[in-house]
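Letter by letter, the chains look like this.
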Amino acid sequence: MQFDTVIHGGTIATADYVTRGDIGIKDGRIAALAETLPGGDRRIDAGGRIVMPGGIEAHAHIAQESSSGVMSADDYLSGSISAAFGGNSSFIPFAAQHRGQSVDEVIATYDARAARSVIDYSYHLIISDPAPEVLEDQLPRAFARGITSFKVFMTYDLMNLGDGGMLDILSVAREHGAITMVHAENNDMVKWMNKRLAAKGLTAPKYHAISRPELAEEEAINRAIQLAKLVDAPLFIVHVSTAGGAEIVRREKFNGAKLFAETCPQYLALTRDDLDRPGMEGAKYICSPPLRDHATQDVLWHHIAQGTFESVSSDHAPYRFDETGKFLNGFDAPYPKISNGMPGIAARLPYLFSEGVAKGRITLEQFVALSSTNAAKTFGCDTKGRIAPGMDADIAIWDPEAQVTVTAADQHDNMDYTPFEGMELTGKPEIVMNRGAVIVENGTLMAQEGQGRFVARQPVDL
Ligand code: URP
Ligand code: ZN
Ligand code: ZN
């Protein structure tokens, strides 16, 4: 066979094994794996490099209005470019239904937005209004076109479904083989804390962490799991930030719950002390759930190594440090009125590789599982996330020795800061491919706007 591309002499890393060999690519797919392969219209010398599945970013807010109406700073062009520079070949951002909107309209809106993407994409559907027509007609239609994950919120007044609404979504998801994702924080606990803090005039960014205590996450994670068990539906807990929450996930999984979970680099790299930086600088670090402490970081790493989490995702929620983003409600806004979220789509994999693999906390196989393979399995991307004949040639070639200092400019997003600024990391993606096309090579974008394709996903396979 004449290959379009042969990746020669690299260390091939999969979620199951690491080996030396060549990869032959033809018509956008992996056509052959062998010790050595001849030919190739292009031969990429991967000596000294690690060749692995391109990352799949399964938690990102791209061209998405938040519940308070703030548009994320990244659209599908800048967001996908940033993802690609961070070693990702595809991503699954959210398509958010706000109250009163039909899911069909929401999907049409996101189809138009996503047409700019340079990498393959799908959407998780956020449901904030589970009206009968949504549950009976619109969600099944979304599912039929390959949108097989629905996300719900237990917090934020305009998104919170309440237990009954969650049960409605969980049971529709179960019926169709979809997976329900949940942002788990107890809304009333947070509101009660907000009221008490406001009454004392404690509204600086650092009080954001105090207003959303560990218990609020732990209670909600536990409740979400029990609700899912009542209707025997699979559940995915997003952005677990607490030791207690991770322990509940571990225990319930061990006892057989149909449960999946992720954590995020910000909960490993940053702490609530970052919210107490001078002036309003702390606003850069406001995200929900909030940053915790060093002891929690150690526990979360332990859970990553032990297999509690399927994925480490970015929760890229980019709001600029200006009046279009963080300070839409003014530069001296109290913390509940500062936009929630931080960017991180480009930093996710370099951070996880450096702090995880290079520092010996996880194996290379675990890195591949956490960055790509598990997301493909959990969310039904059956042609992605693996290096095997027949799979899409979504491949990232990493220099494991490169020394990189993180800067905002190198994130290639539309943001004016990165919370990871100045971190010294080991390892970086040099070449990233999507369906056989090189999209990033040695710091240069090679992709064209709009070359990403929608990925119709399969039902969840427990
Ligand atoms: O603070 C965050 N993570 N903002 C994005 C929306 C969400 O809660 O996932
Ligand atoms: Zn969330
Ligand atoms: Zn999020």
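The rules behind each value
- Residues numbered from 1 in each chain as written.
- Chains lettered and ligands numbered in written order.
- Predicted model: local features only at pLDDT ≥ 70, side-chain atom pairs only at ≥ 80, totals over all residues.
- Heavy atoms only, no water.
- Helix = DSSP H or I, 4+ residues; strand = E, 2+ residues; numbered from the N terminus.
- Rg over C-alpha atoms; globule rule 2.2 N^0.38 Å.
- Buried < 20%, exposed > 50% of the residue type's maximum accessible area, 1.4 Å probe, protein only.
- Contact = heavy atoms within 4.5 Å.
- Areas by Shrake-Rupley, 256 points an atom, 1.4 Å probe, with all protein chains shown as cover.
- Lys, Arg positive; Asp, Glu negative; His and termini not counted.
- Charge placed at Lys NZ, Arg CZ, Asp CG, Glu CD.
- Donors = N, O, S within 2.8 Å, 3.2 Å for Na, K, Ca; no water.
- Tetrahedral: all angles 85-135°; square planar, octahedral: opposite > 155°, others 65-115°.
- Near = heavy atom within 4 Å.
- Polar contact = N/O pair within 3.5 Å; in protein donor to acceptor, adjacent residues only side chain to side chain.
- Nonpolar A, V, L, I, M, F, W, Y, C, P; charged D, E, K, R; others polar.
- Salt bridge = Lys/Arg side-chain N within 4 Å of Asp/Glu carboxyl O.
- Expected span 1.5 Å × (residues − 1).
- Phe/Tyr/Trp six-rings, centres within 6.5 Å; stacked < 30°, edge-to-face > 60°.
- Lys NZ or Arg CZ within 6 Å of the ring centre and 35° of its normal.

Student: Any chance you could explain the overall build of the protein chain here in plain terms?
Tutor: Helices and strands together make up the secondary structure of the protein chain, namely twelve helices and 18 strands. For a compact globule of 462 residues, the expected C-alpha radius of gyration is about 23 Å, and the protein chain comes in at 21 Å, within 12% of that figure. In terms of overall dimensions, the protein chain has C-alpha extents of about 70 × 50 × 40 Å along its principal axes. Counting the 462 residues in the protein chain, one finds 61% classified as buried. Expressed as a percentage of contacts within the protein chain between residues at least 6 apart in sequence, the contacts between residues at least 24 apart total 76%. As presented, the protein chain carries roughly 16600 Å² of accessible surface, and 50% of it is formed by carbon and sulfur atoms. Averaging the positions of the 42 positive and the 60 negative side-chain charges in the protein chain gives two centres separated by 2 Å.

Student: Hey, could you run me through the coordination of the zinc ion (ligand 2) in this one?
Tutor: By definition of the ideal shapes, a tetrahedral metal site with four donors has angles of 109.5 degrees and an octahedral site with six donors has angles of 90 or 180 degrees. For the zinc ion (ligand 2), every protein donor is listed as H183 (ND1) and H239 (NE2), and the spread of their distances is 2.1 Å. What the four donor atoms of the zinc ion (ligand 2) show is an angle range of 56 to 139° at the metal, which sorts the shape as irregular. In this structure, the zinc ion (ligand 2) lies 3.7 Å from the zinc ion (ligand 3). With H183 in strand β11 (residues 179-183) and H239 in the loop between β12 (235-237) and α8 (243-254), this residue pair connects regions lying 56 residues apart in the sequence. A single burial state applies to H183 and to H239, both of which are buried.

Student: How should the coordination of the zinc ion (ligand 3) be read in this particular structure?
Tutor: Donor atoms from the polypeptide that bind the zinc ion (ligand 3) are H59 (NE2), H61 (NE2) and D315 (OD), placed at 2.0 to 2.1 Å. Judged by its relative accessible area of 0%, H59 is buried. The class of D315 is buried, set by a relative accessible area of 7%.

Student: Please explain the site of ligand 1 as it appears in this structure.
Tutor: Neighbouring residues of ligand 1: 13 residues in total, closest Y156, H183, S288, D315 and N340. Contacts to ligand 1 include H61, whose side-chain N or O atom sits 3.2 Å from an oxygen atom. Within the backbone of N340, one N or O atom sits 3.2 Å away from a nitrogen atom of ligand 1. Alone, ligand 1 offers 270 Å² of accessible surface; in the complex the protein occludes 93% of this. Residues that form the shell around ligand 1 fall into these classes: four nonpolar, seven polar and two charged.

Student: What should I look at first to understand the pattern of salt bridges in this one?
Tutor: Side chains carrying opposite charge are able to pair once their charged atoms draw close together. A full pass over the atoms with the stated rule returns 29 salt bridges. A salt bridge links R49 to D399; its shortest N-O distance comes to 3.9 Å. Pair noted here: R49 is in the loop between β4 (42-45) and β5 (50-53) and D399 is in strand β15 (residues 395-405), with a separation of 350 residues, a long-range link. If you follow the salt bridges from partner to partner, you end up with D120, K384, D392, D394 and R435 in one network.

Student: Before we go on, may I ask you to explain helix α5 (residues 187-199) in this structure?
Tutor: An α-helical turn contains 3.6 residues, so any two residues separated by three or four positions project in the same direction. With 13 residues, α5 extends 18 Å from end C-alpha to end C-alpha; this agrees with the ideal 18 Å at 1.5 Å per step. On its buried side, α5 packs onto α6 (207-211) and α7 (214-230). N-cap assignment for α5: the residue whose side-chain oxygen lies 3.0 Å from the backbone N of D188 is N186. A positive backbone phi angle near 70° is found at G201, which sits one or two residues after α5.

Student: Sorry if this is basic, but what is going on with the packing of aromatic side chains here?
Tutor: Centre-to-centre distance and the angle between the planes together describe a pair of aromatic rings. On inspection of all chains with the given rule, the structure shows 15 aromatic pairs. Seen from their ring centres, F327 and F331 are 5.1 Å apart, and the 35° between their planes marks the pair as tilted. Since its relative accessible area comes to 3%, F327 is described here as buried. Relative to W398, the ring of F367 lies with its centre 5.6 Å away and its plane at 80°, an arrangement referred to as edge-to-face. A residue pair is termed long-range when its members are at least 10 positions apart, and F367 in helix α12 (residues 364-378) and W398 in strand β15 qualify at 31 residues. You can call F367 buried: its relative accessible area is 0%. An aromatic cluster is built from Y76, F91, Y110, Y121, Y123 and F454, whose rings are joined through pairwise contacts. One residue, R145, lies across the ring of F454, its end atom 4.4 Å from the ring centre. Its end group placed over the ring of F94, K151 keeps NZ or CZ at 4.3 Å from the ring centre.

Student: Please explain the side chain of S66 as it appears in this structure.
Tutor: Structurally, the position occupied by S66 is in the loop between β6 (55-60) and α1 (76-85). Using a relative accessible area of 16% as the deciding quantity, one classes S66 as buried. If near-sequence neighbours (up to four positions away) are discounted, S66 is found in contact with H98 and Y319.

Student: I would appreciate a short explanation of the environment of A261 in the present structure.
Tutor: Here A261 is to be found in strand β13 (residues 259-263). Taking C-alpha positions, A261 is 7.2 Å from T308, a pair spaced 47 residues apart along the chain. Apart from the residues lying within four places of it in its own chain, the contact partners of A261 are F236, I237, V240, V249, T308, F309, E310 and S311.

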